[in-house]
Amino acid sequence: MRIAVMQAQAEVLDIQSNLEVIQRASEQAASEGAEILLTPELFAVGYAPYALRESLNSTQIPDIHRRLSEIASEHTIALAYSLPEVTDNGWLITATFVDHTGTKLAHYQKVQLFGSEEQAVFIPGDNPPASFEYQEIMLGMVICFDVEFPEIVREAARRSVELLLVPTAMGRGYERVCTHLVPTRAMESQLFIAYSNHCGSQAGFELAGTSVVAGPDGSVLAQAGHEPEVLYAEIELGLYERAKTEVPYISAARPELYGQWAAERVNALEG
């Protein structure tokens, strides 16, 4: 499978402009033979939690979902994108996957919120990583800060995820997440990770770019700089199988023992 990862600068609350960026990237990616396009966290509305809470009309969100599905079907390319979700309990950050016909296959709510602004505006989800099959590959989704927790990525691996899709909005100064942490996560949980970040500036927030696709052996298959671009990478399941065979991190793990240690620690603290 050939995948594409979009890195671009969004305009806060300029939904039409942001959708046009996704439209152009979808057209380009499809012409390059990509079967999936991954886009950054909250790209269609812009990454600016306070501005979203104050000015985004939540009744617009269903129409944005519809328009993104239309982009996928128009260009015959699957699309992974991120939007806010408004529930009775509060606002969440979500990721949605639609296939090449625009049909929704998966939806995920971000579990780990990063920073005071996100935590002030959104509530965390409690769902496990999304896991679903598309084109004979097991895909998964988490969002941004989620991937920095080994427990979450390992759970995706235990659910047989082969390619983990990660929309993100990571700021300048944290580029080591892309250059070091994401490849490490991919290696230790033995799956492919595609990580799509914003670039430029939004609401005074400087975004780092440096989007990346990492392989299950820790290799960097594609790496962006700080400017807008579309990355491409080949997802070769032979590499996935070799990594799991050569170093059996998943099969050799002893989660029942780790759970026992955690229970003993809790009991000791409570005692």
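Residues numbered from 1 in each chain as written. Predicted model: local features only at pLDDT ≥ 70, side-chain atom pairs only at ≥ 80, totals over all residues. Heavy atoms only, no water.

Student: Sorry if this is basic, but what is going on with the packing of aromatic side chains here?
Tutor: In this description, a pair of aromatic rings is defined by centroid distance and the angle of the planes. All told, the structure shown has seven aromatic pairs when counted by the stated rule. Both rings, one in Tyr47 and one in Phe205, keep their centres 5.6 Å apart while their planes meet at 40°; by these two values the pair is tilted. Of the two residues, Tyr47 sits in the loop between strand S2 (36-38) and helix H2 (49-55) while Phe205 sits in strand S11 (residues 205-208), which places them 158 residues apart along the sequence. For Tyr47, a relative accessible area of 8% translates into the label buried. Judged by relative accessible area, which is 32%, Phe205 ranks as partly exposed. Three or more aromatic residues joined by ring pairs form one cluster here, namely Phe114, Phe145, Phe149 and Tyr174. (Phe/Tyr/Trp six-rings, centres within 6.5 Å; stacked < 30°, edge-to-face > 60°. Helix = DSSP H or I, 4+ residues; strand = E, 2+ residues; numbered from the N terminus. Buried < 20%, exposed > 50% of the residue type's maximum accessible area, 1.4 Å probe, protein only.)

Student: Is there a simple way to think about the pattern of salt bridges in this case?
Tutor: When charged atoms on two side chains of opposite charge get close, those side chains can pair. As enumerated under the stated definition, the model contains eight salt bridges in all. Its salt-bridge partner being Glu118, residue Lys110 comes within 3.0 Å of it at the nearest N-O pair. Here Lys110 and Glu118 have matching classes, each one buried. A salt bridge links Arg254 to Glu256; the nearest nitrogen and oxygen atoms lie 4.0 Å apart. Ionic contacts of the salt-bridge type, sharing partners, join the residues Glu41, Lys110 and Glu118 into one network. (Salt bridge = Lys/Arg side-chain N within 4 Å of Asp/Glu carboxyl O.)

Student: What is the right way to look at the environment of Pro216 in this model?
Tutor: Looking at the element boundaries, Pro216 is found in the loop between strand S12 (212-214) and strand S13 (220-223). Residue Pro216 is classed as buried on the basis of its relative accessible area, which comes to 2%. Residues Pro216 and Gln28 lie 188 residues apart in sequence; the distance between their C-alpha atoms is 27 Å.

Student: What am I meant to see in the sheet that holds strand S8 (residues 163-167) here?
Tutor: Two orientations exist for strands paired in a sheet by backbone hydrogen bonds: parallel and antiparallel. Read across the open sheet, the six strands follow the order S6-S7-S8-S9-S12-S13; overall the sheet is mixed. The sheet is open, and its two borders are formed by strand S6 (130-134) and S13, each paired with just one other strand. The mean angle between the axes of side-by-side strands here comes to 15°, regardless of whether they run parallel or antiparallel. Relative to strand S9 (residues 192-196), S8 runs parallel, the two sharing five bridges. Counted as the bridge partner of Val166 is Tyr195 from S9. Along the sheet, helix H6 (residues 176-189) contacts S9, S12 and S13; its crossing angle with S9, the most-contacted strand, is approximately 150°. (Pairing = 2+ DSSP bridges. Axes fitted to C-alpha atoms, helices over the stretch in contact; angles between N-to-C directions. Contact = heavy atoms within 4.5 Å.)

Read these as geometric descriptors, not functional statements.
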